[in-house]
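# Observations on the three-dimensional arrangement
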There are 2 protein chains.
Amino acid sequence: MAVARAKLAEATGGEHDGAEDALRRLTRLVSSDIEACNRLIVERMHSPVALIPQLAAHIVAAGGKRLRPLLTLAAARLCGYTGRRHVALAACVEFIHTATLLHDDVVDESTLRRGRASANALFGNKPSVLVGDFLFARAFQLMVEDGNLEVLAVLSAASATIAEGEVLQLITQNDTATTEAQYLEVVEGKTAALFAAATRVGALVADRGRGEADALEAYGRNLGIAFQLVDDALDYAAEQEQLGKTVGDDFREGKITLPVLIAFQEGGEAERAFWRRTLEGRGQQDEDLAEAQRLIARHRAVERTVERAGRYGDAALAALSGFERGEARAALEDVVRFCIERAR
Amino acid sequence: MAVARAKLAEATGGEHDGAEDALRRLTRLVSSDIEACNRLIVERMHSPVALIPQLAAHIVAAGGKRLRPLLTLAAARLCGYTGRRHVALAACVEFIHTATLLHDDVVDESTLRRGRASANALFGNKPSVLVGDFLFARAFQLMVEDGNLEVLAVLSAASATIAEGEVLQLITQNDTATTEAQYLEVVEGKTAALFAAATRVGALVADRGRGEADALEAYGRNLGIAFQLVDDALDYAAEQEQLGKTVGDDFREGKITLPVLIAFQEGGEAERAFWRRTLEGRGQQDEDLAEAQRLIARHRAVERTVERAGRYGDAALAALSGFERGEARAALEDVVRFCIERAR
């Protein structure tokens, strides 16, 4: 964490702005591109079946950060790309992300997303599943229009890996015997695969060789892992308002995340019995969340999870070291800070 | 119907075998190809996450007819194709079909599929949604390996159209004001789009020009509509054992299909009140299915639906008229018979 902070301080001129500022700077860097991307998203989620754009608009327009398409756009910029292909490919990345969000919320039975009612809560599970399928298909239509088979290979492989990560998460849910290696496999699948694909695609459009593409993919993958670890930490730490989703969701759903793995590992037999009862069984009570948070705090499991995230953040920063210093690199370094700082 | 029968008699040498025989003949025509396709399906549904091939095997190996991949293989044969690309593309078609079946069963809350427990009944809704996503992504990976952008365009567009048809079906469900035009739009989306894509892709690999591709697409689209109309007729006519799915499902789910549209249209006010109560409201009783079947029978709605299917069958046959007579054309003509005869 200290290393990441030091590197960030060095990279950004020594000052620590708020996390939101980092995201704003990235958005400003590619502002006309992300605006074009947003227009394309709205245009291409159109369908004569009106419920499709209605439901899609609910989630697409719900104030998402557009982090993944921003990464595609900034990666292309970092590689010196000056064409227009990256705009449509950033939209593909966001469509795939949105499709997985719709299906995730159905699978997790979530009622909140980005601080408002989730699509499944508002429209029902059935259209959420089907509109997710539509957006996924539409993403592939956009990629086909772009016409690059390597991009298609990267994003179709990422889509399969995301589904594998989600299924593995289902399997490990409610199982306190889950290992840290399995947890990381889930994180790499459900989150990091799309971050890595988003940044790799940004490099691919610039066509500057495998080295830069590999480096930006490594950046995206490590950033994605850091992002998810912080997300998992926040679920035990954040106020509901700050998080924009229901706090304690992971606990209630019996998801085995790093904070729990740490607390379980370090806890005595009584603590483990608590985790087994609340996470594995059907015996969870409303008041158990407070006890879970107390145990998490006792073992500093949130802080230690964020520290681990910081190490992945360091790896993300290291992956950028071969690129020329400048606005684009600084913005991508800022994103690492954004991902970690939001836990503070 | 009489016309279709006459054409079929002419096309197949005058004898009417059973419907199953027609399918067997098609399977025999492309037997080594469909075996290679089946092997590829099993090979490519593999994942280190064991639940994925387990769940996929349940539906893939559940004795499906493999009608759609057979159509791809036979269409390629009809166009004189002698390469190997059609095998992998037939597998793509089946993967897309299987993905939509998994999601359909979740959306429809079905408990039976092909005469056995549906995947969602056995494994739960959550893995069914996610394994559907995996199979869909895997289909695109296979297409990317094939490397033809026109094929990718056809199958990604079909995938979007399928989702649109499914959403439109949701919207028209429980709404007796649904028009026949809306019903046909649902059918063209949820069923005919993939039939049309399957046969077009078979023509595309042979690369014999737009004329043959358009003709085989028209064949597939009309066949698909005929297939779905017969399916909808069977839901009010068939014995459960024959159908391999729960009889009366459409009625219980309030799906507005052609038999209902006919009976509603022709019925008096009392009959319409019955349909409104049972299809629109929550007031359906177990004994209502028998009354629904009585009203359907009174208006010969099953027979008239099958007659309509026969006209689409005629159009499918007509689309083949420009192709050389021979085993492949006869087999594709047989499939039309298979689709219609299974209603008898």
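Residues numbered from 1 in each chain as written. Chains lettered and ligands numbered in written order. Predicted model: local features only at pLDDT ≥ 70, side-chain atom pairs only at ≥ 80, totals over all residues. Heavy atoms only, no water.

### Remarks on the overall build of chain A
Under the convention used in this document: Secondary structure elements follow DSSP: runs of H or I no shorter than four residues count as helices, runs of E no shorter than two count as strands, and numbering proceeds from the N terminus. The globule rule used here is 2.2 Å times the number of residues to the 0.38 power, and the radius of gyration it is set against is calculated over C-alpha atoms. Note on exposure labels: buried denotes an accessible area under 20% of the residue type's maximum, exposed denotes more than 50%, and partly exposed covers the range between, all computed with a 1.4 Å probe on protein chains only. Whether two residues are in contact is decided by their heavy atoms: any pair within 4.5 Å suffices. Using the Shrake-Rupley algorithm and a 1.4 Å probe, accessible areas are obtained, with residue cover drawn only from the displayed protein chains. Positive charges are assigned to Lys and Arg, negative charges to Asp and Glu, while His and the chain termini are left out of the count. Charge positions come from single atoms, namely NZ of Lys, CZ of Arg, CG of Asp or CD of Glu.
From N to C terminus, chain A includes 18 helices and 2 strands. Here the C-alpha radius of gyration of chain A, 20 Å, is about what a compact globule of 344 residues would show, namely 20 Å. In terms of principal-axis extent, the alpha carbons of chain A reach across some 60 × 50 × 30 Å. The buried share among the 344 residues of chain A stands at 62%. For chain A, contacts bridging at least 24 residues in sequence account for 75% of all contacts bridging at least 6. As presented, chain A carries roughly 12900 Å² of accessible surface, and 47% of it is formed by carbon and sulfur atoms. The distance from the centre of the 41 positive side-chain charges to the centre of the 51 negative ones in chain A is 2 Å.

### Some words on the relation of the copies chain A and chain B
Note the threshold: Copy-to-copy alignment: least squares on C-alpha atoms, limited to residues at pLDDT 70 or above in both.
In screw terms, the move from chain A to chain B is a rotation of 180° and a rise of 0.0 Å along the axis, fitting with an RMSD of 0.0 Å. Both chain copies can therefore be described as sitting about a two-fold axis. Most of the interface of chain A is mirrored in chain B: 100% of its interface residues are interface residues there too.

### Concerning the interface of chain A and chain B
This is how it is decided: The term buried area refers to how much accessible surface (probe radius 1.4 Å) is lost by two components on association, counted for both of them together. Should a side-chain nitrogen of Lys or Arg be within 4 Å of a carboxyl oxygen of Asp or Glu, the pair is scored as a salt bridge. Contacts described as polar in this section are N or O atom pairs within 3.5 Å, which, within protein, must combine one atom able to donate a hydrogen with one able to accept it, while residues neighboring in sequence count only if both atoms come from side chains.
At the interface, 36 residues of chain A touch 36 residues of chain B. Carbon and sulfur atoms make up 80% of the surface buried where chain A meets chain B, a total of about 3400 Å² over both sides. The largest contributions to the chain A side of the interface with chain B come from K126, L130 and E164 of chain A, which together make up 18% of the buried area. Taken together, the links from chain A to chain B amount to 0 salt bridges. Counting across the interface, chain A meets chain B through 6 residue pairs in polar contact (both at pLDDT 80 or more).

### What about the pattern of salt bridges?
Residues and elements named next belong to chain A. Taken as a whole and assessed by the stated rule, the structure comprises 44 salt bridges over all chains. Note that D288 and R277 form a salt bridge whose closest N and O atoms lie 3.0 Å from each other. You can see D288 sitting in helix α16 (residues 288-298) and its partner R277 sitting in helix α15 (residues 269-280), a full 11 residues away along the chain. Through salt bridges with shared partners, a single ionic network connects R200, D214, E217 and R221.

### Focus on the side chain of R200 of chain B
Residue and element names in this part refer to chain B. For R200, the position within the fold is in helix α10 (residues 180-206). With a relative accessible area of 7%, R200 lands in the buried category. Apart from residues lying up to four places away in sequence, R200 is in contact with E150, V154, R210, A213, D214 and E217.

### Points about the nonpolar core
The condition is simple: Throughout this description, the term nonpolar core refers to a set of buried Ala, Val, Leu, Ile, Met, Phe, Trp, Tyr and Cys residues connected via side-chain atoms within 4.5 Å.
By size, the foremost hydrophobic cluster in this structure holds 253 residues, and its most contacted members are Y219 and W275 of chain A together with Y219 and W275 of chain B. The contacts of Y219 of chain A, once residues within four sequence positions are left out, are L71, T199, A316, A319, L320, L332, V335 and V336 of chain A.

### Here's the deal with the state of the cysteines
Spelled out, the test is: Cysteine sulfur pairs qualify as disulfides if the two atoms are within 2.5 Å.
Under the definition given, this model contains 0 disulfides over all chains. Cysteine C92 of chain B is unpaired, with the sulfur of C37 of chain B as its nearest cysteine sulfur at 9.0 Å.

### A word on α10 of chain B
Residues and elements named next belong to chain B. Rule in force here: One less than the residue count of a helix, multiplied by 1.5 Å, gives the span that helix is expected to have. Here the bend at a residue means the angle between the axes of two seven-residue stretches, the one that ends at it and the one that starts at it.
Under the 1.5 Å per step criterion, the end-to-end length of α10 is 37 Å for 27 residues, consistent within 8% with the ideal 39 Å. Roughly 50° is the biggest bend found in α10, and it falls at A192. For α10, the buried fraction is high: 22 of the 27 residues fall into the buried class. Phi turns positive one or two residues past the end of α10, at D207, with a value near 60°.

### Here's the deal with the confidence of the model for chain A
All names here are of chain A. Applicable threshold: pLDDT is defined as a per-residue confidence score from the predictor, taking values between 0 and 100.
Confidence along chain A averages 90 in pLDDT terms, with 91% of residues attaining 70 or more. Per-element confidence in chain A ranges from a low mean pLDDT of 41 for helix α1 (residues 2-12) to a high of 98 for helix α10 (residues 180-206). Here residues 1-16 is modelled with pLDDT under 50, and outside its nearest four sequence neighbours on either side it reaches 27 contacts, counting other chains as well. The ipTM for the predicted assembly is 0.91, set against a pTM of 0.92.

### Observations concerning the packing of aromatic side chains
What counts, and what does not: Ring geometry is summarised as follows: Phe, Tyr and Trp rings, the Trp one being its six-membered ring, pair when their centres sit within 6.5 Å, and such pairs are stacked at plane angles under 30 degrees, edge-to-face over 60 and tilted between the two. Criterion for a charge above a ring: Arg CZ or Lys NZ at most 6 Å from the ring centre, at most 35 degrees from the ring normal.
The tally for this structure, following the rule as stated, stands at 14 aromatic pairs over all chains. Taking 6.4 Å as the distance between ring centres and 70° as the angle between the ring planes, the aromatic pair formed by Y236 of chain A and F251 of chain A counts as edge-to-face. In this pair, Y236 of chain A sits in helix α11 (residues 210-237) while F251 of chain A sits in helix α13 (residues 249-253), placing the two residues 15 residues apart along the sequence. Take F251 of chain A: its relative accessible area is 0%, and that puts it in the buried class. Ring centres 6.4 Å apart and planes at 15° place the aromatic pair F251 of chain A and F274 of chain A in the stacked group. Taken as a pair, F251 of chain A in helix α13 and F274 of chain A in helix α15 lie far apart in primary sequence, 23 residues in all. Pair check on accessibility: F251 of chain A and F274 of chain A agree, each one buried. Ring-pair connections join several aromatic residues into one group, and the members of that group are F136 and F140 of chain A together with F136 and F140 of chain B. Directly above the aromatic system of F264 of chain A lies the positively charged group of R272 of chain A, at a separation of 4.9 Å from the ring centroid.

### Some points on the environment of F136 of chain B
By secondary structure assignment, the location of F136 of chain B is in helix α8 (residues 125-146). In the structure, F136 of chain B is positioned 38 residues away from T98 of chain B in sequence and 8.4 Å away in space, judged by C-alpha atoms. Residues within four places of F136 of chain B in sequence aside, it is in contact with D133, F136 and A137 of chain A together with I96, A99 and S159 of chain B.

### Re unusual backbone geometry
Phi is positive for R300 of chain A, which is not a glycine, with a value near 50°. Along the chain, R300 of chain A falls in the loop between α16 and α17 (301-319). Residue classification places R300 of chain A among the partly exposed positions, given a relative accessible area of 41%. Its identity as a non-glycine residue notwithstanding, N174 of chain B has a phi of 65°, on the positive side. Along the polypeptide, N174 of chain B turns up in the loop between α9 (149-172) and α10.

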